[in-house]
Amino acid sequence: MKHQRTMTAVAAAMAGALALTGCTGQSAGAGGGDTDDSTLTIWHYENEDSAMGKAWAEAITIFEEENPDVTVDVEKQTFEQIQKNAKIVLTGDDVPDVMEFNKGNATAGQLAAQGLLTPLTDAATERGWDEKLTGSLATTATYDEQGLMGSGEWYGVPNYGEFVGVYYNKDMFAEHGLEVPTTLEEFEDVLAAFQKEGITPLAEAGAEYPLGQLWYELVLAYGDRALVDDYQLFANDVDFHNDAMTQATETLDEWIEKGYIASDSAALTAEDMGVSFIDGTYPLMVSGSWWFGRLATEVEADWGQFNFPGNTLHTGSSGNLWVVPANADSTSLAEEFIDITLRPEVQNILAAEGGLPVAGDASVIEDERTRELTENFQAILDEDGLAFYPDWPVAGYYDVIVSELQSLVNRSKTPDEVLDGLQSSYDEGKADLLDG
């Protein structure tokens, strides 16, 4: 048994793939199949010391033990290069058998619609993936002929998750006699209590994703699954002046007016936000599970995390997908490896390391904060509560959300004007996507 761990330079890998693309006559999707069961080539972009990196390493070890005659070739790539060059690379013959790739219409969905990924529906049924991964967790795994998520064939398999919740400084809560809120009304009472003491309660960032995710959490507070399906999956047309979006935008406007969010936050980045929570400037931060590891390392105060109060729907989704390129040499080995990543021994490594497993056991986690985070995520899964991200529906929408909400913080637009701006860009992007 031969085992290779190659840490290739992305530029070299891409250049080689491009050269092969230029000299091959094989069309995308035509080559796949099991023409070489002696090697399994894996591409992923997780650091070795991350929860995912440790879990994938265990999955590789298990695969090697069960397939001693197969050479495992692991190539470490970068997220940005795979995102940028995937279409070109996967058109050629020199492709991995299985690779980590981003989920969503504009990423995995686009590759699926172009015939660059192998459908995994049969494997999902035979191996029980469709039973382990259901509801909103499975939405990002399936894509229709247009590449829209939520229906059609399985083209990817997630095995961890991510979500947005509330981080809080327990020391500051205790100092002011405050308890963890369980409803939106109680949350607003906490914000008001801090503001009354001269403390701006919410660490925020208007120049990047955080403020948009806070806005979306408020939309979800007032909305329901039908609105999510309309907004994210185009089940029906969306009127941005509906009750949920109007109340959410007006609530955010009120929070800005009352000083719950700093007046200079329109120009702040996510890093600025995180650092200001870490150093104790602000007692609360609404953001993603991806901050957990850093907070565990850098926050000196006592701190914790809770789900957005009162919500049954939450910003978040599955993590990245394992996909099988259409031109892969060994789809059966790829499917076997994917299946291993969903086994309890791999999922429990994700759990212990704060990686939010989709099929793990929180009871095996010894660290209290890590167990709390995982249990909070499991509570969301139990309610089928993942509602994806606000910028997902159409291309370029991230920048639109950032710009419109900056205008709200800067007091240059009213809530109605912000909703008008969000509506027009959404409608235009949706039309382009459906017509394309």
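What you see is a predicted model; the values in this text were computed from it and never measured. (Residues numbered from 1 in each chain as written. Predicted model: local features only at pLDDT ≥ 70, side-chain atom pairs only at ≥ 80, totals over all residues. Heavy atoms only, no water.)

Turning next to the pairing of strand β4 (residues 98-101). The two faces of a sheet get side chains in turn, since along a regular strand they alternate between them. Neither face of β4 is open: one carries Val98 and Glu100, the other Met99 and Phe101, and all of them are buried. Pairing of strand β2 (residues 39-44) with β4, which is carried by 2 bridges, proceeds in the parallel orientation. Bridging across to β4, tryptophan 43 finds its partner in methionine 99. Inspection of the sheet shows β4 paired to strand β13 (residues 321-323) by 3 bridges, in the antiparallel sense. (Buried < 20%, exposed > 50% of the residue type's maximum accessible area, 1.4 Å probe, protein only. Helix = DSSP H or I, 4+ residues; strand = E, 2+ residues; numbered from the N terminus. Pairing = 2+ DSSP bridges.)

A complete count under the given rule lists 22 aromatic pairs for this structure. Judged by centre distance (5.3 Å) and plane angle (85°), the ring pair of tryptophan 322 and phenylalanine 337 falls under edge-to-face. Of the two residues, tryptophan 322 is situated in strand β13 and phenylalanine 337 in helix α15 (residues 331-341); the sequence distance between them amounts to 15 residues. Take tryptophan 322 and phenylalanine 337: they sit in the same class, and that class is buried. A ring pair is formed by tyrosine 389 and tryptophan 392, whose centres lie 5.5 Å apart and whose planes are at 50°; its orientation type is tilted. Relative accessible area serves as the criterion here: at 6%, tyrosine 389 is assigned to the buried category. (Phe/Tyr/Trp six-rings, centres within 6.5 Å; stacked < 30°, edge-to-face > 60°.)

Before going further, it helps to spend a moment on empty space enclosed by the protein. Considering all chains together, one arrives at 1 cavity of 30 Å³ or more under this definition. In this structure, the largest cavity encloses a volume near 40 Å³. Considering the residues around the largest cavity, the lining is formed by Tyr216, Val219, Leu220, Gly223, Asp224, Leu227, Val228, Tyr231 and Met245. Going through the elements one at a time, α10 (210-222) and α11 (225-233) are the ones with two or more residues in the lining of the largest cavity. (1 Å grid on protein atoms, 1.4 Å probe; cavity = no way out; pocket = protein on both sides within 12 Å on 5 of 7 lines; lining within 4 Å. Points joined across faces, edges and corners; volume = space filled by probe spheres on them.)

Counting residues in hydrophobic clusters, the biggest one holds 75 residues, and the most contacted among them are Phe187, Trp215, Tyr231, Leu252, Trp255 and Leu284. Here the element with the most residues in this core is α10; it accounts for 7 residues. Aside from chain neighbours lying at most four places away, what touches tryptophan 255 is Leu184, Phe187, Glu188, Leu191, Leu202, Leu214, Leu218, Tyr260, Ile261 and Phe308. The next biggest cluster of nonpolar side chains, apart from the first, holds 59 residues, and it includes Ala270, Trp303, Leu350 and Leu356. (Core = buried A, V, L, I, M, F, W, Y, C linked by side-chain atoms within 4.5 Å. Contact = heavy atoms within 4.5 Å.)

Next up on the list: the pairing of strand β8 (residues 161-169). Counted residue by residue, β8 has 9 buried out of 9 residues, so it is predominantly covered. The pairing of β8 with strand β12 (residues 316-318) spans 3 bridges and is classified as antiparallel. Across the sheet, the residue bridging to glutamate 162 is serine 317, located in β12. Bridge count between β8 and strand β10 (residues 284-288): 5 bridges; the pairing is antiparallel.

Inspection of the secondary structure assignment puts aspartate 230 in helix α11. The charged side chain of aspartate 230 is buried without a salt bridge, its nearest counter-charge being lysine 430 at 7.9 Å. Excluding residues within four positions of it along the chain, aspartate 230 makes contact with Ala235, Asn236, Asp237, Val238 and Tyr426. (Lys, Arg positive; Asp, Glu negative; His and termini not counted. Salt bridge = Lys/Arg side-chain N within 4 Å of Asp/Glu carboxyl O.)

Residues Glu250, Glu254, Asp416, Glu417 and Asp420 make up a contiguous surface patch of negative charge. Residue assignment for the negative patch shows that the elements contributing at least two residues are α12 (243-258) and α19 (415-435). The residue glutamate 250 is located in helix α12 in this model. For glutamate 250, a relative accessible area of 37% corresponds to the partly exposed category. (Patch = residues over 30% accessible without salt bridge, like charges linked within 9 Å, V, L, I, M, F, W, Y side chains within 5 Å. Areas by Shrake-Rupley, 256 points an atom, 1.4 Å probe, with all protein chains shown as cover. Charge placed at Lys NZ, Arg CZ, Asp CG, Glu CD.)

Let us now look at the confidence of the model for the protein. Taken as a whole, the protein shows an average pLDDT of 90; of its residues, 92% reach a score of 70 or greater. Note on residues 1-34: pLDDT under 50 across the span, and 69 contacts to partners over four residues away in sequence or across chains. (pLDDT = per-residue confidence, 0-100.)

Here the focus is α10. End to end, α10 covers 19 Å across 13 residues, agreeing with the expected 18 Å (1.5 Å per residue, within 8%). Counting buried positions along α10 yields 11 of 13 residues, so the element is predominantly enclosed. Here α10 has its buried residues at Pro210, Leu211, Gly212, Gln213, Leu214, Trp215, Tyr216, Glu217, Leu218, Val219 and Leu220. (Expected span 1.5 Å × (residues − 1).)

A few words now on the environment of glutamine 110. Turning to its location among the elements, glutamine 110 is positioned in helix α4 (residues 108-113). Distance in space between the C-alpha atoms of glutamine 110 and methionine 149 is 9.9 Å, their sequence separation being 39 residues.

The buried fraction of α15 amounts to 10 of the 11 residues, a majority that puts the element mostly inside the structure. Every buried residue of α15 is accounted for by Thr331, Leu333, Ala334, Glu335, Glu336, Phe337, Ile338, Asp339, Ile340 and Thr341.

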